[in-house]
Amino acid sequence: MTQAAAFPLSGAKNGTVPAVRLNDGRAMPVVGLGTYSLRGDVCRSAVSSALQLGYRKFDSASIYGNERELGEALAASGLPRSELFVATKLYPDQFDRAEQAIEESLERLNLGYADLMLLHHPGRHDVRAYRAMEQARQQGLIRSLGLSNFYAAELGAFLPQVSVKPVLVQNEIHPYYQDREATAFIQSKGIVVEAWYPLGGRGHNRELLSDPALAAIAARHGVSLVQVILRWDLQRGVAVVPGSANPSHQKENISLFDFELSAKEMDVIARLDRKEKHDWY
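All values reported here derive from a predicted model rather than from experimental measurement.

Peer 1: Kindly report on the pattern of salt bridges, identifying the contributing residues and their values.
Peer 2: Under the counting rule described, the total for this entry stands at 13 salt bridges. Ionic pairing is found between arginine 81 and aspartate 115, a salt bridge with its closest N-O pair at 2.9 Å. Highlighted residues: arginine 81 in the loop between α2 (67-76) and β5 (85-90) and aspartate 115 in strand β6 (residues 114-119), separated in sequence by 34 residues. By relative accessible area, which is 17% here, arginine 81 ends up buried.

Peer 1: A description of the packing of aromatic side chains should follow, citing residues and the corresponding values.
Peer 2: A complete count under the given rule lists four aromatic pairs for this structure. Relative to phenylalanine 158, the ring of tyrosine 130 lies with its centre 5.2 Å away and its plane at 90°, an arrangement referred to as edge-to-face. Of this pair, tyrosine 130 sits in helix α4 (residues 126-138) while phenylalanine 158 sits in helix α5 (residues 152-158), and the two are 28 residues apart along the sequence. Classification of tyrosine 130 by relative accessible area gives buried; the value is 0%. In this structure, arginine 143 packs its charged tip against the face of tyrosine 113, placed 3.7 Å from the ring centre. One Lys or Arg, arginine 231, reaches over the ring of phenylalanine 259 and ends 6.0 Å from the middle of that ring.

Peer 1: Just give me the short version of the pairing of strand β7 (residues 142-148), but keep the residues and values in it.
Peer 2: Of all seven residues in β7, six are buried, a share of seventy percent or more. Handedness of the crossover joining β6 and β7 through α4: right-handed. Sheet topology places β7 next to strand β8 (residues 168-172); three bridges connect them, and they run parallel. By the bridge assignment, serine 148 is partnered in β8 with glutamine 170.

Peer 1: Give a description of α2 that names residues and reports values.
Peer 2: Among the residues of α2, Glu67, Glu69, Leu70, Gly71, Ala73 and Leu74 are the ones counted as buried. In this structure, the buried side of α2 is in contact with α1 (40-53), β4 (57-59), β5 and α3 (98-109). Phi turns positive one or two residues past the end of α2, at glycine 78, with a value near 80°.

Peer 1: Give a description of the sheet that holds β4 that names residues and reports values.
Peer 2: Strands in a sheet are paired, the pairing made by backbone hydrogen bonds, and the direction either parallel or antiparallel. Spatial ordering of the open sheet is given by β3-β4-β5-β6-β7-β8-β9-β10, a layout of eight strands whose pairing is parallel. What marks the edges here is a single partner per strand, and that holds for β3 (33-34) and β10 (238-240). Bridging between strand β9 (residues 192-196) and β10 involves three bridges; their strand directions are parallel. Paired with alanine 195 across the bridge in β10 is valine 240. Relative to the sheet, helix α9 (residues 225-235) contacts β9 and β10, its axis offset from that of β10 by approximately 140°.

Peer 1: Before we move on, can you summarise the packing of α1 against α2 with the specific residues and values?
Peer 2: Between α1 and α2, the shortest axis-to-axis distance is 9 Å and the interhelical angle comes to 40°. Between α1 and α2, the angle is such that the two are oblique. Crossing handedness for the pair α1 and α2: right-handed. Contacts from Gly40, Cys43, Arg44, Val47 and Leu51 in α1 reach Glu69, Leu70, Glu72, Ala73 and Leu74 in α2. Across the contact of α1 with α2, the residue classes tally to six nonpolar, one polar and three charged.

Peer 1: Can you explain the packing of helix α8 (residues 212-221) against α9? Please cite residues and give values.
Peer 2: Contact pair α8 / α9: the axes reach a minimum separation of 8 Å and the direction vectors enclose 95°. With respect to each other, α8 and α9 are oriented roughly perpendicular. In this structure, α8 uses Leu214, Ala215, Ile217 and Ala218 to contact α9, whose residues at the interface are Leu225, Val228 and Ile229.

Peer 1: Provide a residue-level description of the side chain of serine 60, including the pertinent values.
Peer 2: Examined against the element boundaries, serine 60 turns out to sit in the loop between β4 and α2. Note on serine 60: relative accessible area 0%, which makes it buried. Non-local contacts of serine 60, meaning those with residues more than four positions away in its chain, are made with Thr35, Asn66, Glu67, Leu70, Ala87, Thr88 and Lys89.

Peer 1: Which residues make up the environment of glycine 123, and what values do they have?
Peer 2: Mapped onto the secondary structure, glycine 123 falls in the loop between β6 and α4. Sequence separation between glycine 123 and leucine 147 is 24 residues, and the spatial gap between their C-alpha atoms is 12 Å.

Peer 1: Lay out unusual backbone geometry with the relevant residues and their values.
Peer 2: Non-glycine residue histidine 125 carries a positive phi angle of around 70°. Along the polypeptide, histidine 125 turns up in the loop between β6 and α4. Positive phi, normally seen in glycine, also occurs at aspartate 179, with a value near 55°. Residue position: aspartate 179 is located in the loop between β8 and α6 (180-188).

Scoring rules and cut-offs
Residues numbered from 1 in each chain as written. Predicted model: local features only at pLDDT ≥ 70, side-chain atom pairs only at ≥ 80, totals over all residues. Heavy atoms only, no water. Salt bridge = Lys/Arg side-chain N within 4 Å of Asp/Glu carboxyl O. Helix = DSSP H or I, 4+ residues; strand = E, 2+ residues; numbered from the N terminus. Buried < 20%, exposed > 50% of the residue type's maximum accessible area, 1.4 Å probe, protein only. Phe/Tyr/Trp six-rings, centres within 6.5 Å; stacked < 30°, edge-to-face > 60°. Lys NZ or Arg CZ within 6 Å of the ring centre and 35° of its normal. Right-handed = clockwise from strand over helix to strand, strands pointing away. Pairing = 2+ DSSP bridges. Contact = heavy atoms within 4.5 Å. Axes fitted to C-alpha atoms, helices over the stretch in contact; angles between N-to-C directions. Parallel < 35°, antiparallel > 145°, perpendicular 65-115°, else oblique. Left-handed = near helix turned anticlockwise from the far one by under 90°. Nonpolar A, V, L, I, M, F, W, Y, C, P; charged D, E, K, R; others polar.

What follows is the structure, encoded as structure tokens:
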């Protein structure tokens, strides 16, 4: 039931995040900061503390309403743009005016370009929107393209209609919804899988973070239950973007590289799968 790690985790140390090579040759940190719930000054402060802790990937979306604050915090850091990896997304209600929506996102970020832009989930005109992203990529405005909430059937239908293979598919994945078949299918296409809601999200967070099997594994390694879950993702070749404005939690979420789960522990977590999905898409 276990899978070989797809990421270069061996030798990595806490305080730095290893990168995975995407199918277009670009490198992406395997742990980033999700900004779903961060707004205004909270977002700016959270991004600033994350940068100090070693985060270099940041995941946003037009519908999050924080692209401007994210861009401002990153620019204020003084770090070279080349050291940052910034992802954002187009929402389905933008698909029929994708060119304008791309321009608006880039204007709000004000960082010169987006490292990654995704379609937030399937919807009417999604192929048209992706083709607009392909054009923006040709113009150097977007470096890499991806998808969110696409599974085997959706991806199989989508890929023949576009020219540029997505580098990443971001889906709901956590120990109670492991999505193993779709994850293996996506990875077989040379596409990186990334987990949103890696800690269970609104639907399963409280129960998941008190699961006795996970707690036992955490105690054995002297780490937190959260760290066990995130390390489990990485050892399955699944990138993660946990979100937090709390510097202590941010540090916890990125400190995943001084322990390793055994094959037996990976199997214990695999058996926790309930196939319980929180969101409809």
